[in-house]
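The primary structure of each chain is shown beneath.
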Amino acid sequence: MNFSDSSEMQTIANLANEFFEHVLFDETPLFVSDEANIYDVSMAGTEELIKRCADYYGKEVFAQDLKQPLWKLTNTGNSEGCN
């Protein structure tokens with residue numbers, strides 16, 4: 001079985017694990033490819049995910065932010081903000 005590339009996710013493994021622990025605390029993704037967004041690894045709704053991300057990053061988060069690849073959302077949230 002072939003999986004999609006995960007080199008970007010591997011590069012930010014520590015950030016991603018911290019994100020999973022604080023934002024997806026009630027879910028545990030087994031594999032996250034570079035193409036996956038938060039909707040691919042979470043069953044929570046948009047409003048709940050916005051709230052969780054905003055609470056974690058201390059920044060405003062928008063629905064369109066959640067559509068970007070998870071590695072990008074994780075990096076963006078930790079650096080320049082999600083908007």
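Refer to the structure presented above.
Nothing here was measured: the structure is a model prediction, and the numbers come from that model.

Caption draft 1: View of the packing of aromatic side chains. Going through the model one piece at a time under the given rule, you end up with four aromatic pairs. Summarising the aromatic geometry, the rings of Phe-19 and Tyr-56 are spaced 6.4 Å apart at their centres and angled 75 degrees between planes, so their arrangement reads as edge-to-face. With Phe-19 in helix H2 (residues 13-22) and Tyr-56 in helix H4 (residues 46-57), this residue pair connects regions lying 37 residues apart in the sequence. The class for Tyr-56 is partly exposed, based on a relative accessible area of 21%. By the ring-pair criterion, three or more aromatic residues cluster together here, those being Phe-19, Phe-20, Tyr-56 and Tyr-57.

Caption draft 2: Seen up close, the packing of H2 against H4. Put simply, H2 and H4 touch, their axes get as near as 10 Å, and they point 120 degrees apart. Relative to H4, H2 is oriented oblique. With respect to the hand of their crossing, H2 and H4 are arranged in right-handed fashion. Facing Glu-18, Phe-19 and His-22 of H2, the residues of H4 in contact are Cys-53, Tyr-56 and Tyr-57. Of the residues that constitute the contact of H2 with H4, the class distribution is four nonpolar, one polar and one charged.

Caption draft 3: Layout of a nonpolar patch on the surface. A contiguous nonpolar surface patch, about 400 Å² in accessible area, is contributed by Phe-3, Leu-30 and Phe-31. Relative to the helices and strands, Phe-31 is located in the loop between H2 and helix H3 (38-41). Phe-31 gets classed as partly exposed once you look at its relative accessible area, which sits at 38%.

Caption draft 4: Just H4, in detail. Given a rise of 1.5 Å per residue, 12 residues ought to cover 16 Å, and the 16 Å separating the end C-alpha atoms of H4 matches this to within 8%. Considered for burial, the residues of H4 that qualify are Leu-49, Ile-50, Arg-52, Cys-53 and Tyr-57. All buried residues of H4 fall inside an arc of 165 degrees around its axis, so they share one side. Exposed residues on H4 whose side chains face more than 90 degrees from its buried face are Glu-47 and Asp-55. Looking one or two residues beyond H4, the residue adopting positive phi is Gly-58, at roughly 70 degrees.

Conventions used here
- Residues numbered from 1 in each chain as written.
- Predicted model: local features only at pLDDT ≥ 70, side-chain atom pairs only at ≥ 80, totals over all residues.
- Heavy atoms only, no water.
- Phe/Tyr/Trp six-rings, centres within 6.5 Å; stacked < 30°, edge-to-face > 60°.
- Helix = DSSP H or I, 4+ residues; strand = E, 2+ residues; numbered from the N terminus.
- Buried < 20%, exposed > 50% of the residue type's maximum accessible area, 1.4 Å probe, protein only.
- Axes fitted to C-alpha atoms, helices over the stretch in contact; angles between N-to-C directions.
- Parallel < 35°, antiparallel > 145°, perpendicular 65-115°, else oblique.
- Left-handed = near helix turned anticlockwise from the far one by under 90°.
- Contact = heavy atoms within 4.5 Å.
- Nonpolar A, V, L, I, M, F, W, Y, C, P; charged D, E, K, R; others polar.
- Patch = residues over 30% accessible without salt bridge, like charges linked within 9 Å, V, L, I, M, F, W, Y side chains within 5 Å.
- Areas by Shrake-Rupley, 256 points an atom, 1.4 Å probe, with all protein chains shown as cover.
- Salt bridge = Lys/Arg side-chain N within 4 Å of Asp/Glu carboxyl O.
- Expected span 1.5 Å × (residues − 1).
- Arc of directions from axis to C-beta.

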